[in-house]
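Results of the structural survey
Here is what each chain is made of, one letter per residue.
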Amino acid sequence: MSDEPTEDRRERVAAALERVQAGVHQRRAELATVAGGREDTRLRLAELKGLEWVEEPVPTSPRPGVGRLLVFVRKAFFHLFHKWYARPLLHQQNAYNRAAAALVAELAQRLEESEERAARLGRRLDELEGKAADADPDRE
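The shown structure was predicted, so the numbers you read here are calculated from the model rather than taken from an experiment.

Another point: the packing of aromatic side chains. This model, assessed by the stated rule, comprises 2 aromatic pairs. Considering the side-chain rings of Phe 77 and Phe 81, the 5.3 Å spacing of their centres and the 45° angle between planes classify their relative orientation as tilted. Taken together, the residues Phe 77 and Phe 81, both in helix H3 (residues 67-135) and 4 residues apart, mark about one turn of the helix. Classification of Phe 81 as exposed rests on a relative accessible area of 51%. Here Trp 84 and Tyr 85 contribute two aromatic rings whose centre-to-centre distance is 5.8 Å and whose plane-to-plane angle is 70°, an arrangement assigned as edge-to-face. The class of Tyr 85 is partly exposed, set by a relative accessible area of 46%.

Positionally, Asn 97 belongs in helix H3. Here Asn 97 falls in the buried class, since its relative accessible area comes to 15%. For Asn 97, the residues in contact, after removing those within four places along its chain, are Glu 52 and Val 54.

Next up on the list: the confidence of the model for the chain. Residues with a pLDDT of 70 or more make up 88% of the chain, whose mean pLDDT is 83. Looking over the chain, one finds the lowest element-wise mean pLDDT in helix H1 (residues 7-33), namely 79, and the highest in H3, namely 90.

Let us now look at the side chain of Glu 52. Secondary-structure assignment places Glu 52 in the loop between helix H2 (39-50) and H3. For Glu 52, a relative accessible area of 6% corresponds to the buried category. Dropping the residues within four chain positions of it, Glu 52 is found in contact with Asn 94, Asn 97, Arg 98 and Ala 101.

Analysis parameters
- Residues numbered from 1 in each chain as written.
- Predicted model: local features only at pLDDT ≥ 70, side-chain atom pairs only at ≥ 80, totals over all residues.
- Heavy atoms only, no water.
- Phe/Tyr/Trp six-rings, centres within 6.5 Å; stacked < 30°, edge-to-face > 60°.
- Helix = DSSP H or I, 4+ residues; strand = E, 2+ residues; numbered from the N terminus.
- Buried < 20%, exposed > 50% of the residue type's maximum accessible area, 1.4 Å probe, protein only.
- Contact = heavy atoms within 4.5 Å.
- pLDDT = per-residue confidence, 0-100.

Written out as structure tokens, the structure reads:
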């Protein structure tokens, strides 16, 4: 065997790198679109966004030799007897997850806006109290 990778292997590595780069760009875009907020909240919202999709289980088997047959049987059983039942449930769960994630993101944004407004009002109150104290020195 040669130490140089074959052309096929180079193409697979290049394709894998492209997928990884696309995933990194997507994650950065998700983090950038989460409106403002503390870093912890932004990270949790991004994590929630990544977990909102439920997918069909992928059958696997750790057993060598017989494992391929077991995977084939599981796939066939799912395709013939379980898919008609599971897919509508997955679609319903995914719709719920999307709605819940959007609601949580909206609530986080509203909370942040309320905190900013409360801070502005607090500063304004301090300013007005300072002006009142300057205007009336007998007042405590």
